[in-house]
Amino acid sequence: MGTYRVQALGKTTIILRCLDREEIPKPTLALEYTFGRRAKGHNTPKDIAHFWELGGGTSLLELTRIPITSDNIRTFAIVLVLDLSKPSELWSTMESLLQVTRNHLNKLITKLGKTNPKVATEIREKMWNSMQKDHPDYELIDPFPIPLVIIGSKYDIFHEFDSEMRKIICKTLRFVSHYYGASLVFTGKPDTLLLKARILINHLAFGFERSKSISVDQNKPLFIPAGLDSLSQIGPPPASDSDIGKLYAHTPLDLWKKVYEKTFPPMRNSDLKDSKDPALDPQYAEYEIDAMRTQKNQELEQYKRNASKSWKEMELES
């Protein structure tokens, strides 16, 4: 019987469907936990998968560090859910969540390099599992430290976008996913669009067979398992040669970011804060409620400080 762990940075619906639960999704508060059991065949023990879901977009970034520890990093995977209907928030959300998570993972691997070099080496080698050594881009990518799936949600809304907008978003997400050695899939309504995401997550969570099908047509939902795309198929950033020549970038990822944000300028932090947290808007001010909210914020900070210990204790008990 195996134990796997997945941190889903996004929608509850995806987790519920992967676990064959028909529950009505509820808004995620901070960091929430659930688990599922599944057997690969008849008369075989069920594997257990632990799921953590982070709510609040980028406002609770620090909580991504809580479930990932040096004890479970070898069986961990990240599922990042991005809202395709909000292209101006897409890059900043993706960048913030992946950067914080990657920094934490790198610290854990560095620590393991001193305390358990064998495990650290195993993790570094495993990073390249999705990419064949003879792949033409083998020397050009920078794989995420642990398995990563990027899900573009609300495809049903995205599908109504102008074709040129869709092209830019699709090419950009294909590049980012390929660069990080990640899988990419688009989901939305109806629920049948969740089937491909379920295949990817079941592969990571329960060790089911990895899909080898692929869909790169920008007029259809993308489905590209890790290692099956290439820079030659993706093509250059969607901008003219003269525009690209005027952009100053340190890395290929930075170049794609600048091209993307030229079409979809990122929202200012103040705009993002206002749109995601109406409680901060003065027009809704109410003394008693605001005082209670301040108290809850203090409790949340205390929760953050104690959470790592709590998760570790829970893991030991299980």
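See the structure above.
Just so you know, these numbers come straight off a predicted model, no measurement behind them.

1. Considering the overall build of the protein
- When helices and strands are tallied, the protein shows 11 helices and 7 strands.
- Restricting the contact set of the protein to residue pairs at least 6 apart, pairs at least 24 apart contribute 70%.
- Within the structure as shown, the protein displays about 17600 Å² of accessible surface, and the carbon and sulfur contribution to it stands at 52%.

2. Description of the packing of aromatic side chains
- Summed over the entire model, instances satisfying the criterion amount to 15 aromatic pairs.
- An aromatic cluster is built from Phe144, Phe175, Tyr179, Tyr180 and Trp256, whose rings are joined through pairwise contacts.

3. Looking at the packing of helix H2 (residues 87-115) against helix H5 (residues 163-179)
- In the contact formed by H2 and H5, the axes pass within 12 Å of each other and the chain directions differ by 10 degrees. Considering the angle they form, H2 stands roughly parallel to H5. For the pair formed by H2 and H5, the contact residues are Pro87, Leu90, Trp91 and Met94 on the first element and Ile169, Thr172, Leu173 and Val176 on the second.
- The residue inventory of the contact of H2 with H5, partitioned by class, reads 7 nonpolar, 1 polar and no charged.

4. So, the pattern of salt bridges
- Under the counting rule described, the total for this entry stands at 5 salt bridges.
- Salt-bridge contacts for Arg102 lead to Asp142; the nearest nitrogen and oxygen are separated by 3.0 Å. Of this pair, Arg102 sits in helix H2 while Asp142 sits in the loop between helix H3 (117-126) and strand S5 (148-153), and the two are 40 residues apart along the sequence.
- Since its relative accessible area comes to 14%, Arg102 is described here as buried.

5. Focus: the layout of surface pockets
- Within this model, the second largest pocket holds a volume of roughly 590 Å³.
- Lining of the second largest pocket is provided by 31 residues; of these, Asn129, Ser130, Pro147, His203 and Leu204 occupy positions nearest its centre.
- At the level of elements, strand S4 (76-83), H3, S5 and helix H6 (194-206) are the ones that each hand at least two residues to the lining of the second largest pocket.
- Ranked by residue count, the leading element in the lining of the second largest pocket is H6, at 3 residues.

6. Structural notes on helix H9 (residues 252-263)
- Here H9 contains 12 residues, and its C-alpha end-to-end distance of 17 Å stays within 8% of the 16 Å for a straight helix at 1.5 Å per residue.
- Taken together, the buried positions of H9 are occupied by Leu253, Asp254, Leu255, Trp256, Val259 and Tyr260.
- Lining the buried residues of H9 we find H2, H5, helix H7 (231-234) and helix H8 (241-246).

7. Some details on unusual backbone geometry
- Of note in this structure, Lys154 is not a glycine but carries a positive phi near 60 degrees.
- Along the chain, Lys154 falls in the loop between S5 and helix H4 (155-158).

8. Overview of the environment of Val119
- Mapped onto the elements, Val119 comes out in helix H3.
- Each C-alpha atom of the pair Val119 and Ile73 lies 9.7 Å from the other, and the pair is 46 residues apart in sequence.
- Those residues within four positions of Val119 in sequence are excluded, and the remaining contacts are Arg74 and Leu112.

9. Considering the environment of Lys171
- On the secondary structure map, Lys171 appears in helix H5.
- Since its relative accessible area comes to 14%, Lys171 is described here as buried.
- Spatially, the C-alpha atom of Lys171 lies 8.8 Å from that of Pro236, the residues being 65 residues apart in sequence.

What counts and how
Residues numbered from 1 in each chain as written. Predicted model: local features only at pLDDT ≥ 70, side-chain atom pairs only at ≥ 80, totals over all residues. Heavy atoms only, no water. Helix = DSSP H or I, 4+ residues; strand = E, 2+ residues; numbered from the N terminus. Contact = heavy atoms within 4.5 Å. Areas by Shrake-Rupley, 256 points an atom, 1.4 Å probe, with all protein chains shown as cover. Phe/Tyr/Trp six-rings, centres within 6.5 Å; stacked < 30°, edge-to-face > 60°. Axes fitted to C-alpha atoms, helices over the stretch in contact; angles between N-to-C directions. Parallel < 35°, antiparallel > 145°, perpendicular 65-115°, else oblique. Nonpolar A, V, L, I, M, F, W, Y, C, P; charged D, E, K, R; others polar. Salt bridge = Lys/Arg side-chain N within 4 Å of Asp/Glu carboxyl O. Buried < 20%, exposed > 50% of the residue type's maximum accessible area, 1.4 Å probe, protein only. 1 Å grid on protein atoms, 1.4 Å probe; cavity = no way out; pocket = protein on both sides within 12 Å on 5 of 7 lines; lining within 4 Å. Points joined across faces, edges and corners; volume = space filled by probe spheres on them. Expected span 1.5 Å × (residues − 1).

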